[in-house]
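# Structural characterization, general
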Amino acid sequence: MPEGPSIVILRDETARFAGRTIAQAEGNSKTVDFSALAGQPVVALRSWGKHFLIQLPTLALRIHLLMFGSYRINERKDAEPRLRLRFDDGDELNFYTCSVKPLPPDLDAQYDWRVDLMSDQWDPKLALKKLRAKPDMLVCDATLDQEIFSGAGNIFKNEVLFRIRVHPLSTVGALSAAKQRELVEQMRVYAFDFLRWKKAYVLKPHWLAHTKRICPRCEIPFLKAHLGKTHRRSFYCERCQKLYTSGAATTPITPARSGSKPRSRKTPPAS
Ligand SMILES: [Zn+2]
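Since we're looking at a predicted model, the values are computed, not measured.

Another point: the pattern of salt bridges. Should the charged atoms of two oppositely charged side chains come close, the side chains can pair. Scanning the entire structure with this criterion turns up 14 salt bridges. A salt bridge links R72 to E75; its shortest N-O distance comes to 3.9 Å. Residue R72 is classed as partly exposed on the basis of its relative accessible area, which comes to 28%. On the basis of relative accessibility, which here comes to 47%, the residue E75 falls in the partly exposed class. The salt bridge involving K134 is made with D145; its shortest N-O contact spans 3.2 Å. Taken as a pair, K134 in the loop between helix 2 (124-132) and helix 3 (139-142) and D145 in the loop between helix 3 and helix 4 (154-163) lie far apart in primary sequence, eleven residues in all. For K134, a relative accessible area of 37% puts it in the partly exposed group. For D145, a relative accessible area of 15% corresponds to the buried category. If you follow the salt bridges from partner to partner, you end up with E26, R76, R84, R86 and E92 in one network.

Written as structure tokens, this is what we have:
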């Protein structure tokens, strides 16, 4: 799935269409009134997380590439586009296997840009506040929460949790304040590492945890599991990624006596 930095690349690649007038629109999207698009100038091309936004005078189009979406600029794939915008000199934008949704034109009224990891308006304090409001949330879900970290995807989750040495089944509230801040900071840092590496076609070689079999720190096998409410693949090391769980006051752990069986760790909430 294209994550936020990939949508920033799309936005940059299409920037030259801003100010141009749509000559013709077509496609197999069921939600778009194509005839209403012709004749409209492109006011702006923007992004919010995984949303690519085409702002026109009377409406905006929200494009989400979902799992398998793609686009072509002045090229066509051997497939029917969901949306094709043609401009008068023959230039065109094609979007495939994506979701296209018309929105009212005033995007500032609909989007909180402070939540977008890639935005100049990104607000880490707001992210921290939102995290702290959900202490029971697992970090593997928090890192994918688009209302906190818009643009983050599964690669972010695996790489950032590995970087900060946090087990994906840790709960947000069990992290120290410093560790919560580190999580927020590293999500932003990773977003721009991702962007830089993706532009240079070297994103995958920089993966340390995502899809990897062996922990590069411990040289032992990573665990792989579909964790949390999001059920996305997690790759993690049980040795160097610490499991932080809230010492739930309702179930105090009896101190183990010498000679007794080792006490078991509090079971993480079922996914
Ligand atoms: Zn390790």
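Structure's up, so let's keep going.
Another aspect to go through is the side chain of E159. You can see E159 is positioned in helix 4. The buried charged residue E159 lacks any salt bridge partner; its closest oppositely charged side chain belongs to R163, at an N-O distance of 5.7 Å.

This part takes up the sheet that holds strand 2 (residues 44-48). Read across the sheet, four strands follow the order 2-3-4-8 without closing on themselves; strand pairing throughout is antiparallel. Taken across any chain shown, the strands that pair with only one partner, and hence form the sheet edges, are strand 2 and strand 8 (99-103). In this sheet, neighbouring strand axes are inclined to one another by 25° on average, regardless of whether the strands run parallel or antiparallel. Pairing analysis gives five bridges linking strand 2 to strand 3 (residues 51-55), with the strands arranged antiparallel. Across the sheet, S47 pairs through a bridge with F52, a residue of strand 3. Most of the contacts of helix 1 (residues 4-13) go to strand 2, to which it runs at about 175°, and overall it touches strand 2 and strand 3.

Of all hydrophobic cores here, the largest spans 59 residues; its most connected members are L37, I54, F95 and F149. If you tally residues by element for this core, the top one is helix 5 (residues 177-199), at eight residues. Residue-level mapping places this core at the junction of two domains, with at least three residues from each of domain 1 (4-111) and domain 2 (114-257). Excluding residues within four positions of it along the chain, F149 makes contact with V115, L117, W122, A127, L131, A142, T143, V184 and M187. L53, A60, L107 and V115 belong to the second-largest nonpolar core, a separate cluster that totals nine residues.

Where helix 2 meets helix 5, the axes come as close as 10 Å, and the angle between the chain directions of the two elements is 125°. By the angle between their axes, helix 2 is oblique relative to helix 5. In this structure, helix 2 meets helix 5 at a crossing whose hand is right-handed. Taking contact as the criterion, the partners of P124, A127, L128, L131 and R132 in helix 2 are, on helix 5, A177, Q180, R181, L183 and V184. A class-by-class count of the residues in the contact of helix 2 with helix 5 yields seven nonpolar, one polar and two charged.

Rules and cut-offs
Residues numbered from 1 in each chain as written. Predicted model: local features only at pLDDT ≥ 70, side-chain atom pairs only at ≥ 80, totals over all residues. Heavy atoms only, no water. Salt bridge = Lys/Arg side-chain N within 4 Å of Asp/Glu carboxyl O. Buried < 20%, exposed > 50% of the residue type's maximum accessible area, 1.4 Å probe, protein only. Helix = DSSP H or I, 4+ residues; strand = E, 2+ residues; numbered from the N terminus. Lys, Arg positive; Asp, Glu negative; His and termini not counted. Pairing = 2+ DSSP bridges. Axes fitted to C-alpha atoms, helices over the stretch in contact; angles between N-to-C directions. Contact = heavy atoms within 4.5 Å. Core = buried A, V, L, I, M, F, W, Y, C linked by side-chain atoms within 4.5 Å. Domains from an automatic or database assignment. Parallel < 35°, antiparallel > 145°, perpendicular 65-115°, else oblique. Left-handed = near helix turned anticlockwise from the far one by under 90°. Nonpolar A, V, L, I, M, F, W, Y, C, P; charged D, E, K, R; others polar.

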